[in-house]
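Listed below are the residues making up each chain.
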Amino acid sequence: MNSIQFDERGRLKHFISIEGLSRELLTKILDVAESFIEVKDRKVKKVPLLRGKSIINLFFEPSTRTRTTFEMAAKGLSADVLNFNISASSTSKGESLTDMLHNLEAMYCDMFVVRHAASGAAHFIAQNVSHHVHVVNAGDGCHEHPTQAMLDVLTIRQYKGDFAPLKVAIVGDILHSRVARSLIYALNTLGTEEVRIIAPRTLLPLNAQDMGVSVYENLRDGLQDVDVVVMLRLQRERMQSALLPNEHEFFQFYGLNEDVLAEAKPDVIVMHPGPINRGVEIASSVADGEQSVILRQVSNGIAVRMAVMAMTLGAAI
Amino acid sequence: MSERFQPLNQQLSSILDKMVADIQSRLQAQGIDDAVMIGIRTGGVWVAEALHQRMSLPEPLGHLNISFYRDDFSKIGLHPQVEPSALPFAVDDRHIVLVDDVLHTGRTIRAALNELFDYGRPASVLLAVLVDRPGRELPVQADVIGQFLELDSSEYVQVSGPPDTPICVSLKTT
């Protein structure tokens, strides 16, 4: 599955999806990410590893935070970063995607970080770039957001250690969430005891049973005894039909507040990929509370992206 | 091959004692009484721990991981060893005793100095190595040497240490 991620010698060349990656490789990425964490505490907040390499952020979907963390990660490795503003670019003048890529490659870039509204876009781009160019998927449609999953599992590992005894609940708009999909793959590959998805029927994928998860439609039941709760944002921009009555009702039944959080273990940690919608999927008191590790996730995002870039641009394993 | 090497392991304790005496006399000669020590991962850390203990230095030992400063990234990619660097003190204006197990080409020390300077500006750096072997590819010299060993290109020195074994040195061939 997705063997395009590996070169002819079995080394990680592109980072497109969690699906298809082994437990050893995921663990290796986490270990490498851990060693990048302290770099941001130094006087000189970078290492010279990718000095002289050019990394282009190709964001076809709007994003400030993800693009910024990728930029900070690339700069933390001393690489040069270019942000490609798609709406102002030649694709709006009718240029095809492959033509645009070849034009960019002629400018001697080493890596594309791609976010696109179409599922499979990163894979398509990886198939169409020259041999020396690497691709990192920053989110493709509803398919995967692999670096987000890696920073999520890094955060879980930091607070909980071993994945084997953990119950992890993912709550919210699972149907449209590439974050959920990548995270489910990662947690299962890392040997998590139980992954639960909790959502109204309209926001559950049709093949939920085949995803290696336990499915709940009741939040209180689903949170019983869990160690980690991951709240997802309602992906309004991806909803094409009336899947919810209104956000207020969503918050009543699926919003995380202190009362329902008490069903989980006392040392439960609360996560959210961000940006958070206070009062829609999560109450302020929980988002800002002691159990929230949301801000830690953000810092981990830089270290994880540094690890992924360093490992793909160099020979890994 | 192993006969000339045996003395090193058997006399390891006295070699380390002698290194301590050399380091101390050098620091005294320059009027330094507040030096800190940093070991280079992984072998250098074991040697540094042994020295640090003997010298009863007040500040904890620093650990330097030079994986991200190596000069062979474009040839061999990311080095597998990834224990992070950990310096429990600020580097600015400090006198540093930098410790490694083997000084061979000098590239590790070059990387270590580059990394150290990204943490701050030390007042001075004194290099102490357990084994000095010929084969320098850069103009790097040690200030304190445990033992000089004439090795050929197929031989290399491996230091092992706690928690698996007490600190010991072995000679290997590729």
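Before any of the text, the structure's been laid out above.
On a predicted model such as this, the values are computed, not experimentally measured, just so you know.

## Things to note about the overall build of chain B
Right, on to step 1. The helix and strand inventory of chain B stands at five helices and seven strands.
Right, on to step 2. When the elements of chain B are put in sequence order from the N terminus, they spell out α-α-β-α-β-α-β-α-β-β-β-β.
Right, on to step 3. Dimensions of chain B along its principal axes, counting C-alpha atoms only, are 45 × 40 × 35 Å.
Right, on to step 4. Expressed as a percentage of its 174 residues, the buried residues of chain B come to 49%.
Right, on to step 5. Partitioning the contacts of chain B with sequence separation of at least 6, the portion at a separation of at least 24 is 66%.
Right, on to step 6. Both charge centroids of chain B, one from 14 positive and one from 23 negative side chains, sit 4 Å from each other.

## With respect to the overall build of chain A
Right, on to step 1. Helix and strand content of chain A: 11 helices and nine strands.
Right, on to step 2. A compact globule built from 317 residues would reach a C-alpha radius of gyration of about 20 Å, and chain A, at 19 Å, matches this within 12%.
Right, on to step 3. By principal-axis analysis of the C-alpha atoms, chain A measures approximately 55 × 45 × 35 Å.
Right, on to step 4. Looking at chain A residue by residue over its 317 residues, the buried ones come to 58%.
Right, on to step 5. A fraction of 74% describes how many contacts in chain A between residues 6 or more apart in sequence connect residues 24 or more apart.
Right, on to step 6. Looking at chain A as shown, the accessible area adds up to about 12900 Å², and 50% of this sits on carbon and sulfur atoms.
Right, on to step 7. Put simply, chain A has 32 plus and 37 minus side-chain charges, and the middle of one group is 7 Å from the middle of the other.

## Quick look at the interface of chain B and chain A
Right, on to step 1. Tallying the contact residues gives 17 residues for chain B and 20 residues for chain A.
Right, on to step 2. In total, about 1500 Å² of surface goes out of reach between chain B and chain A, with carbon and sulfur atoms giving 65% of it.
Right, on to step 3. Sorting the residues of chain B by area buried against chain A places B:Phe68, B:Phe73 and B:Leu78 first, and these three jointly supply 42% of that buried surface.
Right, on to step 4. Between chain B and chain A we count two salt bridges in total.
Right, on to step 5. A salt bridge links B:Glu115 to A:Arg42, with the nearest nitrogen and oxygen atoms 3.0 Å apart.
Right, on to step 6. Counting across the chain B and chain A interface gives seven residue pairs in polar contact (both at pLDDT 80 or more).

## Some words on helix H5 (residues 146-160) of chain A
Residues and elements named next belong to chain A.
Right, on to step 1. Helix length check: H5, at 15 residues, gives a terminal C-alpha distance of 21 Å against a target of 21 Å (1.5 Å per residue), a fit within 8%.
Right, on to step 2. In terms of burial, H5 is a largely internal element, 13 of the 15 residues being buried.
Right, on to step 3. A positive phi of about 80 degrees marks Gly-161, the residue just after H5.

## Details of the packing of aromatic side chains
Right, on to step 1. Tallied over the full model, the rule gives two aromatic pairs over all chains.
Right, on to step 2. Considering the side-chain rings of A:Phe36 and B:Phe68, the 4.2 Å spacing of their centres and the 15 degrees angle between planes classify their relative orientation as stacked. Of this pair, A:Phe36 sits in helix H1 (residues 23-37) while B:Phe68 sits in the loop between strand E2 (62-64) and helix H4 (73-76), placing the two residues on different chains.
Right, on to step 3. Look at A:Phe36 and you get buried, because its relative accessible area is 1%.

Rules behind the numbers
Residues numbered from 1 in each chain as written. Chains lettered and ligands numbered in written order. Predicted model: local features only at pLDDT ≥ 70, side-chain atom pairs only at ≥ 80, totals over all residues. Heavy atoms only, no water. Helix = DSSP H or I, 4+ residues; strand = E, 2+ residues; numbered from the N terminus. Buried < 20%, exposed > 50% of the residue type's maximum accessible area, 1.4 Å probe, protein only. Contact = heavy atoms within 4.5 Å. Lys, Arg positive; Asp, Glu negative; His and termini not counted. Charge placed at Lys NZ, Arg CZ, Asp CG, Glu CD. Rg over C-alpha atoms; globule rule 2.2 N^0.38 Å. Areas by Shrake-Rupley, 256 points an atom, 1.4 Å probe, with all protein chains shown as cover. Buried area = accessible area lost by both parts, 1.4 Å probe. Salt bridge = Lys/Arg side-chain N within 4 Å of Asp/Glu carboxyl O. Polar contact = N/O pair within 3.5 Å; in protein donor to acceptor, adjacent residues only side chain to side chain. Expected span 1.5 Å × (residues − 1). Phe/Tyr/Trp six-rings, centres within 6.5 Å; stacked < 30°, edge-to-face > 60°.

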